[in-house]
Amino acid sequence: MNKSQGAEPQRKGLVGIQDGKVVLRAEPDALPPKLTPGPHVVLRVNGQVVEETVAVKPDDEVTVEAVQEAPTKEIHIQIAQDGSSAVALIQRRPGIAWAINDAPFAAHVTVNVRPAGQLPPPPVSVEDVLEALAKAGVVYGIDRAAIEELVAQEALECRAVVAKGRPPTPPVDGRVEPYRREQESSQPAADMREEALKIDLLDRGEIESVNPGDIVAVWIDPQPGQDGVDVKGQPVPARKPRSPQLRLGSGVEKQPDSPYIVAVRTGRPMVKETFVDVVPTFDVRGDVNVSTGHIEFAGNINVQRNVEESLRVRAGGSVVIGGMVFRKAEVLAGGSVTARGVVGGRIEAGGNASIYGPLIDALRRLEPLLEKAVENLRRIVPVLEADGAQERLGPVFKALLERHFPETGAIAQEIGKQLVQHKELIEPELLARLAQVVKLLAGRGPLQVKGLADVTSVLGVVQSLPLELDSRIEDADVRVDYLQNAEIACGGKVILRGRACFNSKIVARNGFEAPNATVRGGSITVTHGSVIAREIGSPSAALTEIIVGPEGSIKAEMIYPNVRCVVGQRQYRVDSPKRHLVLHLDRETGELRF
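A brief report on the enclosed structure follows. (Residues numbered from 1 in each chain as written. Predicted model: local features only at pLDDT ≥ 70, side-chain atom pairs only at ≥ 80, totals over all residues. Heavy atoms only, no water.)

Helices and strands together make up the secondary structure of the chain, namely 8 helices and 44 strands. A globule of 594 residues ought to have a C-alpha radius of gyration of about 25 Å, yet the chain, at 46 Å, is considerably larger. Looking at the chain as a whole, 42% of its 594 residues qualify as buried. Considering only residue pairs separated by 6 or more positions, the chain has 45% of its internal contacts joining residues 24 or more positions apart. Total accessible area computed for the chain in this model is approximately 32000 Å², and 49% of it derives from carbon and sulfur atoms. (Helix = DSSP H or I, 4+ residues; strand = E, 2+ residues; numbered from the N terminus. Rg over C-alpha atoms; globule rule 2.2 N^0.38 Å. Buried < 20%, exposed > 50% of the residue type's maximum accessible area, 1.4 Å probe, protein only. Contact = heavy atoms within 4.5 Å. Areas by Shrake-Rupley, 256 points an atom, 1.4 Å probe, with all protein chains shown as cover.)

What follows deals with the pattern of salt bridges. Under the definition given, this model contains 25 salt bridges. Members of the salt-bridge network, linked through shared partners, are Glu 127, Arg 144 and Glu 148. (Salt bridge = Lys/Arg side-chain N within 4 Å of Asp/Glu carboxyl O.)

Our next topic: the side chain of Thr 36. Turning to its location among the elements, Thr 36 is positioned in strand β3 (residues 34-37). For Thr 36, the residues in contact, after removing those within four places along its chain, are Thr 53, His 108, Val 109, Thr 110 and Val 111.

Read across the sheet, 3 strands follow the order β6-β3-β12 without closing on themselves; strand pairing throughout is mixed. Two strands close off the open sheet at either side, each with one partner strand: β6 (54-55) and β12 (108-111). In this structure, β3 lies alongside β12, joined through 4 bridges in parallel fashion. Within β12, the position partnered with Leu 35 by the bridge is Val 109. (Pairing = 2+ DSSP bridges.)

The next subject is helix α6 (residues 407-422). With 16 residues, α6 should reach 22 Å at 1.5 Å per residue; the first-to-last C-alpha distance of 23 Å fits that figure. Restricting attention to buried positions, one finds in α6 the residues Thr 408, Gly 409, Ile 411, Ala 412, Ile 415, Gly 416, Gln 418, Leu 419 and His 422. (Expected span 1.5 Å × (residues − 1).)

Under the defined criterion, the tally for this structure stands at 3 aromatic pairs. Ring geometry for Tyr 572 and Phe 594: centres 4.9 Å apart, planes at 75°, overall edge-to-face. Taken as a pair, Tyr 572 in strand β42 (residues 570-573) and Phe 594 in the segment after β44 (592-593) lie far apart in primary sequence, 22 residues in all. Arg 25 extends its terminal NZ or CZ atom over the ring of Phe 105, reaching a point 3.8 Å from the ring centre. (Phe/Tyr/Trp six-rings, centres within 6.5 Å; stacked < 30°, edge-to-face > 60°. Lys NZ or Arg CZ within 6 Å of the ring centre and 35° of its normal.)

Once that is clear, we can look at the environment of Phe 397. Residue placement: Phe 397 occurs in helix α5 (residues 393-404). Spatially, the C-alpha atoms of Phe 397 and Gly 445 are 9.9 Å apart, while their sequence positions differ by 48 residues.

Right, let's talk about the packing of α6 against helix α7 (residues 428-441) for a bit. Close contact between α6 and α7 brings their axes to 9 Å; oriented N to C, the two are set at 145°. Handedness of the crossing formed by α6 with α7: left-handed. In this structure, α6 uses Thr 408, Gly 409, Ala 412, Ile 415, Gly 416 and Leu 419 to contact α7, whose residues at the interface are Leu 431, Leu 434, Ala 435, Val 438 and Leu 441. A breakdown of the residues in the contact of α6 with α7 according to their chemical character gives 8 nonpolar, 3 polar and no charged. (Axes fitted to C-alpha atoms, helices over the stretch in contact; angles between N-to-C directions. Left-handed = near helix turned anticlockwise from the far one by under 90°. Nonpolar A, V, L, I, M, F, W, Y, C, P; charged D, E, K, R; others polar.)

Moving on to the pairing of strand β21 (residues 260-263). Pairing geometry for strand β16 (residues 215-220) and β21, over 3 bridges, is antiparallel. Among the inter-strand pairings, Ile 215 is bridged to a residue of β21, identified as Val 262. Examined bridge by bridge, strand β20 (residues 252-254) and β21 share 3 bridges and lie antiparallel to one another. Within β21, the position partnered with Glu 253 by the bridge is Val 262. The loop that links β20 with its antiparallel partner β21 comprises 5 residues; one of these, Asp 257, has a positive phi angle of about 55°.

Take the nonpolar core next. Counting 56 residues, the largest nonpolar core has Ile 301, Val 319, Val 331, Val 478, Leu 483, Ile 488 and Phe 512 as its most contacted members. Counting residues per element, this core draws most heavily on strand β37 (residues 511-526), which supplies 6 residues. If we ignore the near neighbours within four places in the chain, the residues touching Val 319 are Ile 301, Val 313, Val 331, Ala 333, Ser 336, Val 337 and Thr 338. (Core = buried A, V, L, I, M, F, W, Y, C linked by side-chain atoms within 4.5 Å.)

Quick look at the sheet that holds strand β9 (residues 85-93) now. The strand order across the open sheet built from 3 strands is β8-β9-β14, with neighbouring strands paired in antiparallel fashion. If you trace the sheet from one side to the other, it starts and ends with β8 (72-79) and β14 (157-164), each paired once. Recorded for the sheet is a direction-independent mean angle of 20° between the axes of neighbouring strands. Where β9 meets β14, 7 bridges bridge the pair, whose relative direction is antiparallel. Looking at the pairing, Ala 86 lines up with Ala 163 of β14. Relative to β8, helix α1 (residues 126-136) is tilted by about 45°, and along the sheet it contacts β8, β9 and β14.

All right, on to the environment of Leu 31 then. Examined against the element boundaries, Leu 31 turns out to sit in the loop between β2 (21-25) and β3. Owing to a relative accessible area of 34%, Leu 31 belongs among the partly exposed residues under this scheme. Each C-alpha atom, one on Leu 31 and one on Gln 10, is 7.1 Å from the other, the two residues being 21 residues apart in sequence. The residues contacting Leu 31, other than those within four sequence positions of it, are Gln 10, Arg 11, Lys 12 and Gly 13.

None of this, on its own, says anything about what the molecule does.
Okay, structure coming up:
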């Protein structure tokens, strides 16, 4: 052989895959072929699993096998945060069947697979779910029927509530509930005069009314609830029942050994939280005009339409007006007033506040004085009885008041003046009880005392009346949509729901709120609250006056020149347009702050 020629290359053996089996073609002196197992393939050489490329010889025992991807199932238990329920989530995945691919003969062959179908997902049994619940600690309220229905589903993913706890039974709170009755029509007697029909309290209309003896409300006694159980078997405590105190007004009484609260007068039932009363109400089914005359009533008044020019509506309670209050018309109310608008008219809300407020103040000043006088009188009575001088109790009581408690007489006279001035606006039953106080303590009243019971009875009236009077004046706001050349005075807030308040005079105790309105001209005085408006004044510098107390503030999106602002004792006159004004007093320095 010529040295310049290279040696002949060594021959290579061949290997192939046929029908899933390894086939070798190699001569004894040829290089052995190589096999590499691909994904999902198990390659065995002489019984040993080979995971990398390997050279195979003719005398080797070589096998290949496709690895099937097995189906799976998972069960997840999800317990609600409060333990009230448990949800089973079943997730199943089908498997994949693989088959070995044939490969042509070559010196190096990679054994690969091809999909040969799906393996069905495994079933989930009821016992599988029960076992998962047990592992999650769920022991109570297991719903086997729901589990059976869940495992019967063929979907790969499904869920269901499989356990529920027992919620605690809520307690019965002590409360008062209005008594529900079927509405009965009431026809006035044929011979009733037309004048009487105008103030017929039995004409219910849209306002419910009751007669003496009718059930107004039912008192529900508190009862405890029953504890519950969560799905883990832990107790869920029931809430404790509330036990509020029942308060009754003078228009109702509670039946002995009975849950029923019945009316003792004709009027409108009032059930508010734990307070029950019967308040007379009058309903005007049209305009207040010359055909009706002035409307004056001790309770609430509802006017369906307008209050015409120069007419007056006076109520001891609230007034609702479906229309307008026109020029020179007056609406005087002890409670709140609601109207669409006021043009040239006048509204006074809190008439009862202006009447009952001073009475409440006087009674509260009188109460500690009278209590001390009664204490002294209790010590004096045994001495008089021992001396056989019981008839001197009146003069002794008068001397006791004049010497040690002279303010009692002055306060009683103050109450008496209020009664004389407003006797037509105070409910007769209240008027009688207040008159009893004046009669005992004013003028020659103390001389008329015959026994200690006379004084203790009046003391009881003095102690109980403030709360009852206060319940009559708890709402004294004015709610309107529009004001022009109007006069408004109220013991609560003036709430302007519309967009305009022009040249009006407003006096409100607790505030003026008109967040969407323009206040132009006139004046607003608020003693205990704040003034809120979208605009105050006008570009033409219309004189407008806003006055609030030291704890109040003046807020406006826009305020124009020539607006006089007073906060407490501090004044400020706007000299140029300002946006987003908030004017108040600094609590530490007492100076005005913007």
